[in-house]
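Summary of the model geometry
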Amino acid sequence: MEIFRIGDYLKKAREDQKRTQEEVCEGICEAPTLSRLENNERAPAYNRLVALLQRLGLPDDRFYALLSPKETKIGALQKEITSASIWYVQREGEEKRQIREEGIAKLQELEQVAGSDDRLIEQFALSMRAIFGTQEGDYSPEEQLFMLMEAIRKTVPRFDLEEINRHLYSSNETQIINQIAIAYSKSGDHKKAVDIYSQLLKYAETHYQQITQSAGHLPLICSNYAIELGLCKRYEKAIKIAERGWEASIKYGYYLFLPELIHIVAECQYHLGNTKQSKTLYTQSYCVYQAVGDQHNLQILRSEAQKYLNLTFDF
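Our subject in this report is the structure included herewith.

Basis of the calculations
- Residues numbered from 1 in each chain as written.
- Predicted model: local features only at pLDDT ≥ 70, side-chain atom pairs only at ≥ 80, totals over all residues.
- Heavy atoms only, no water.
- Axes fitted to C-alpha atoms, helices over the stretch in contact; angles between N-to-C directions.
- Helix = DSSP H or I, 4+ residues; strand = E, 2+ residues; numbered from the N terminus.
- Parallel < 35°, antiparallel > 145°, perpendicular 65-115°, else oblique.
- Left-handed = near helix turned anticlockwise from the far one by under 90°.
- Contact = heavy atoms within 4.5 Å.
- Phe/Tyr/Trp six-rings, centres within 6.5 Å; stacked < 30°, edge-to-face > 60°.
- Buried < 20%, exposed > 50% of the residue type's maximum accessible area, 1.4 Å probe, protein only.

**Side note on the packing of helix H10 (residues 190–207) against helix H11 (residues 217–231)**
- At a closest axis distance of 9 Å, the pairing of H10 and H11 adopts a crossing angle of 150°. Judged by the inter-axis angle, H10 sits roughly antiparallel to H11. In terms of crossing hand, the pair formed by H10 and H11 is left-handed. Along the contact surface, H10 presents His 190, Ala 193, Val 194, Tyr 197, Ser 198, Leu 200, Leu 201, Ala 204 and Glu 205, while H11 presents Leu 218, Ile 221, Cys 222, Asn 224, Tyr 225, Glu 228, Leu 229 and Leu 231.

What follows is the structure, encoded as structure tokens:
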């Protein structure tokens, strides 16, 4: 899609969804800025343009834009930091400490490059700091929750956990809501986490079907949602949600959460008394964990399969 048509593209999507300019641009830019964009008079900064597209559930990779060296650097740093945050959660010991140090250093570099007047970068950095913690270690769940609520309200000032689907969200805002649910889970409030994921899954299924870069949202949300349902002993519902994520992983070619989704189904089938099916699924999950080199979850699965089914893996 040519850049001079991006305004028409946005305007049509907004009007088709019966959204006001204020709803779409809240916290990202002023309504007059969006109006000028829709009239093809000017475009906002690249990261704001992407956030506007994502809020309308539109693909953000179908238009041409010349990025400045600064915007290119910011985008690269954000990708590196996001990748590090995923590995940080999955690692332990010295490796985890090294990833934390690198992540914090990259965040400092990002803030220096972006400056102090970019609300979207401030939001991203705050949400990542909630994950990495400090040089001394992780924040408590309560501290994380405070930071994440502050982060989401930088661009969604009226954000309400009881009415998540009331607003539109960019990819990063969706990730922050996912982190909020994780913080509640860590604090022991699994019922609240389940409620958040229930709302978030409905939002993701409605808004992210067309966004290639956001294809990982459905498997991620389904995986975390199913885990919380399992902790609440709602095994049949957990299987249904995990299988929804499994399907999305294959459909969109996004396999990061596939072994975990299979693992969840395996455990739930065991608790429902379906031991034969559980053994098959544990074996499948083990093979995929092994293929991607996820040693942390391999150890968890080995211990679990041995405890539940007396199942061992010699390969």
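**As for unusual backbone geometry**
- Despite not being glycine, Asn 40 shows a phi value in the positive range, around 60°.
- Tracing the backbone through its elements, the reader meets Asn 40 in the loop between helix H3 (31–38) and helix H4 (46–55).
- With phi around 55°, Asn 310 is a residue other than glycine that occupies positive phi space.

**With respect to the packing of aromatic side chains**
- Within the structure shown, the criterion is met by nine aromatic pairs.
- Look at Phe 159 and Tyr 169: their rings are 6.2 Å apart centre to centre, the planes differ by 75°, and that puts the pair in the edge-to-face class. Of this pair, Phe 159 sits in the loop between helix H8 (141–152) and helix H9 (171–186) while Tyr 169 sits in the loop between H8 and H9; the two residues are ten residues apart in sequence, bridging distant segments of the chain. For the pair shown, Phe 159 and Tyr 169 are each scored as buried.
- For the pair Tyr 270 and Tyr 308, a centre-to-centre distance of 4.3 Å together with 10° between the ring planes defines the contact as stacked. Here the residue Tyr 270 occupies a position in helix H13 (residues 258–271), and Tyr 308 occupies one in helix H15 (residues 295–309), the gap between them amounting to 38 residues.
- Given the relative accessible area of 25%, Tyr 270 is considered partly exposed.
- Three or more aromatic residues link up through ring pairs in this structure, and these residues are Phe 159, Tyr 169 and Tyr 203.

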